[in-house]
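Chain by chain, the residues run as shown.
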Amino acid sequence: MRIKVVETNDQRQQAFNVRTAVFVDEQNVPPEEELDSFDEQAIHLIGYDDDLPIAASRVRFVDSYGKLERICVLKDQRGKSNGAQMIESMESIIKNEGYAKAKLNAQTHAIDFYQRLGYKVISDEFMDAGIPHVAMIKELS
């Protein structure tokens with residue numbers, strides 16, 4: 001997968017289309033919760049298989065950490081390390097901006113995936129957009 005930082009309106013729309021396919025269409029997140037005001041201040045990433053957009057995410061900086069958000073891979077592209085590649089790219093951005101910690105809110109079904117990438121659970125379970133989540137953190141070296 002080739003990952004790019006979104007630079008054009010077309011790339012941004014492609015990222016939003018991937019997010020909508022995963023979160024709104026597949027997981028029934030209300031569209032008004034999926035696309036939010038934080039999109040304006042975030043760094044967006046888009047992952048391509050050839051020229052086909054298959055993954056998306058965004059990074060924001062909050063307090064003393066980089067926050068990984070809206071990480072998604074199209075259903076037929078999962079299980080191919082695309083998610084791990086996206087996380088690695090996001091962590092690089094966070095480190096390049098001078099931050100030493102990454103934080104994310106993981107859907108509970110994905111806890112094992114994030115733990116394999118070095119993230120630790122730091123919260124009790126909570127609901128977000130009707131889906132159970134936990135907060136996780138990783139010290140970046």
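All values reported here derive from a predicted model rather than from experimental measurement. (Residues numbered from 1 in each chain as written. Predicted model: local features only at pLDDT ≥ 70, side-chain atom pairs only at ≥ 80, totals over all residues. Heavy atoms only, no water.)

**Topic: the overall build of the chain**
And then number 1: A tally of helices and strands in the chain yields four helices and eight strands.
And then number 2: Mapped from its N terminus to its C terminus, the chain presents α and β elements in the order β-α-α-β-β-β-α-β-α-β-β-β.
And then number 3: When the backbone C-alpha atoms are referred to their principal axes, the chain occupies close to 35 × 35 × 30 Å.
And then number 4: Within the span of the chain, comprising 141 residues, buried residues form 43% of the whole.
And then number 5: Considering only residue pairs separated by 6 or more positions, the chain has 60% of its internal contacts joining residues 24 or more positions apart. (Helix = DSSP H or I, 4+ residues; strand = E, 2+ residues; numbered from the N terminus. Buried < 20%, exposed > 50% of the residue type's maximum accessible area, 1.4 Å probe, protein only. Contact = heavy atoms within 4.5 Å.)

**Quick notes on the side chain of arginine 60**
And then number 1: Along the polypeptide, arginine 60 turns up in strand β3 (residues 52-62).
And then number 2: A relative accessible area of 9% places arginine 60 in the buried class.
And then number 3: Side chain to side chain, arginine 60 and glutamate 69 meet in a polar contact 2.8 Å long.
And then number 4: The contact partners of arginine 60, leaving out residues within four places of it in the chain, are Phe38, Gln41, Ala42, Tyr65, Gly66, Lys67 and Glu69. (Polar contact = N/O pair within 3.5 Å; in protein donor to acceptor, adjacent residues only side chain to side chain.)

**Some details on unusual backbone geometry**
And then number 1: The backbone of aspartate 50 sits at a positive phi, close to 60°, despite the residue not being glycine.
And then number 2: Following the sequence through the fold, aspartate 50 ends up in the loop between β2 (43-49) and β3.
And then number 3: For serine 81, which is not glycine, the phi torsion reads 70° and is therefore positive.
And then number 4: For serine 81, the position within the fold is in the loop between β4 (65-73) and α3 (82-96).

**A look at the pattern of salt bridges**
And then number 1: Following the criterion strictly, the structure yields 13 salt bridges and no others.
And then number 2: Salt-bridge contacts for aspartate 51 lead to arginine 2; the nearest nitrogen and oxygen are separated by 3.6 Å. Of this pair, aspartate 51 sits in the loop between β2 and β3 while arginine 2 sits in strand β1 (residues 2-5), and the two are 49 residues apart along the sequence.
And then number 3: On the basis of relative accessibility, which here comes to 66%, the residue aspartate 51 falls in the exposed class.
And then number 4: Between aspartate 39 and arginine 58 there is a salt bridge, with its nearest N and O atoms 2.6 Å apart. With aspartate 39 in the loop between α2 (31-34) and β2 and arginine 58 in strand β3, the pair connects residues that are 19 residues apart, well separated along the chain. (Salt bridge = Lys/Arg side-chain N within 4 Å of Asp/Glu carboxyl O.)

**So, the environment of aspartate 124**
And then number 1: Looking at the element boundaries, aspartate 124 is found in the loop between β6 (120-121) and β7 (126-128).
And then number 2: In sequence terms aspartate 124 and serine 37 are 87 residues apart; their C-alpha atoms lie 26 Å from each other.
And then number 3: Not counting residues up to four positions away in its chain, the partners in contact with aspartate 124 are His133 and Val134.

**Section: the packing of aromatic side chains**
And then number 1: If you walk through the whole model with that rule in mind, you get three aromatic pairs.
And then number 2: Ring geometry for phenylalanine 61 and tyrosine 99: centres 4.7 Å apart, planes at 20°, overall stacked. Here phenylalanine 61, found in strand β3, pairs with tyrosine 99, found in the loop between α3 and β5 (101-107); they are 38 residues apart in sequence, far enough to count as distant.
And then number 3: Between phenylalanine 113 and tyrosine 114 the ring centres are 5.0 Å apart and the planes differ by 70°, which places this aromatic pair in the edge-to-face class.
And then number 4: Residue classification places tyrosine 114 among the buried residues on the basis of a relative accessible area of 8%. (Phe/Tyr/Trp six-rings, centres within 6.5 Å; stacked < 30°, edge-to-face > 60°.)

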